[in-house]
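Tertiary structure, described
Below are the chains, spelled out letter by letter.
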Amino acid sequence: MGNGFSVIETEIGILRIDYVDDLLLGVQKIAVCPDDVGNVSRISIKTERELAQYFSGQRTHFDIPFKLIGTEFQKRVWNELCRIPYGKTRSYKQVAEAIGCQGGSRAVGMANNRNPLLIIVPCHRVIGSDGKLVGFGCGIATKSFLLDLEKKTCE
């Protein structure tokens, strides 16, 4: 099967899904829909279906097989993000402490910024220690939208 990608439209805009064989490698928001929207594959169809279920409030956990590509520290952060329950948040400081990196809030923020799997690895659930929405590559409005979506589903 090999490497591939597909492009989908969602409630937060256009997303590019990158995969290799049956493993998801990336979900990233892109500004403009390209002329080449890639190929449909089992993993892209599964990802698109699960994201649609997420946006409709029917899915709180993803079952998509994925591979994280990054430094060991980034992978530790991203794996910790996957432990944040749907509809809940953690501060950068709490994530840093959970992975044994006292004082590592800024490093956690940088790892979040490099998160290759938007929504699937829920970096949008990480907030400032004061409860404010800060530091999201897709913009604070998108972060707020995702957190509000999850909050409404939990009510």
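Throughout what follows, the structure given in this document is the object of discussion. As the structure is a computational prediction, the values presented were derived from the model and not from experiment.

A word on the packing of aromatic side chains
- Scanning all chains against the criterion turns up four aromatic pairs.
- Ring centres of Tyr 54 and Phe 55 lie 5.4 Å apart, and the angle between their planes is 75°; this geometry places the pair in the edge-to-face category. Each of the two residues, Tyr 54 as well as Phe 55, counts as buried.
- Where Phe 55 meets Phe 145, the ring centres are 6.5 Å apart and the plane angle is 35°; that geometry is what we call tilted. Taken as a pair, Phe 55 in helix H1 (residues 42–55) and Phe 145 in helix H5 (residues 140–154) lie far apart in primary sequence, 90 residues in all.
- Residue Phe 145 is classed as partly exposed on the basis of its relative accessible area of 35%.
- Between the NZ or CZ atom of Arg 16 and the centre of the ring of Phe 5, over which it lies, the distance is 4.0 Å.

Description of the pairing of strand S3 (residues 23–30)
- With seven bridges connecting them, strand S2 (residues 13–20) and S3 associate as antiparallel partners. Residue pairing for S3: Ile 17 is matched across the bridge by Val 27.
- Counting the residues in the hairpin turn of S2 and S3 gives two residues, including Asp 21, whose phi is positive at 50°.

Considering the pattern of salt bridges
- If you walk through the whole model with that rule in mind, you get eight salt bridges.
- Across the pair Arg 16 and Asp 18 runs a salt bridge, and its minimum N-O distance is 2.9 Å.
- Judged by relative accessible area, Arg 16 falls into the partly exposed class, the value being 30%.
- Residues Arg 59 and Asp 63 are paired through a salt bridge, measuring 3.2 Å at the closest nitrogen-oxygen approach.
- Residues joined by salt bridges that share partners form a network here, namely Lys 46, Glu 50, Arg 59 and Asp 63.

Considerations on the sheet that holds strand S1 (residues 3–10)
- Pairing in this open sheet of three strands is antiparallel, and the strands run S1-S2-S3 from one edge to the other. Strands at the two margins of the open sheet, each flanked by one partner only, are S1 and S3. Averaged over all neighbouring strand pairs, the angle between strand axes comes to 20°, with direction disregarded.
- In terms of strand pairing, S1 meets S2 through eight bridges, oriented antiparallel.

Some remarks on the environment of Gly 109
- Within the secondary structure layout, Gly 109 lies in helix H4 (residues 105–113).
- A residue is classified by how much of its surface remains accessible, and Gly 109, at 23% relative accessible area, is partly exposed.
- Expressed as a C-alpha distance, the spacing of Gly 109 and Ile 127, which sit 18 residues apart in the sequence, is 9.6 Å.

Here's the deal with the pairing of S1
- Within S1, six of the eight residues are buried, which leaves the element mostly enclosed by the surrounding structure.
- Where S1 folds back on S2, the antiparallel hairpin that results is connected by two residues.

Details of the side chain of Asn 112
- In this structure, Asn 112 sits in helix H4.
- You can call Asn 112 buried: its relative accessible area is 7%.
- Among all residues touching Asn 112, those that are not within four sequence positions of it are Val 77, Trp 78, Leu 81, Tyr 92, Cys 123 and Val 126.

About the cut-offs
Residues numbered from 1 in each chain as written. Predicted model: local features only at pLDDT ≥ 70, side-chain atom pairs only at ≥ 80, totals over all residues. Heavy atoms only, no water. Phe/Tyr/Trp six-rings, centres within 6.5 Å; stacked < 30°, edge-to-face > 60°. Buried < 20%, exposed > 50% of the residue type's maximum accessible area, 1.4 Å probe, protein only. Helix = DSSP H or I, 4+ residues; strand = E, 2+ residues; numbered from the N terminus. Lys NZ or Arg CZ within 6 Å of the ring centre and 35° of its normal. Pairing = 2+ DSSP bridges. Salt bridge = Lys/Arg side-chain N within 4 Å of Asp/Glu carboxyl O. Axes fitted to C-alpha atoms, helices over the stretch in contact; angles between N-to-C directions. Contact = heavy atoms within 4.5 Å.

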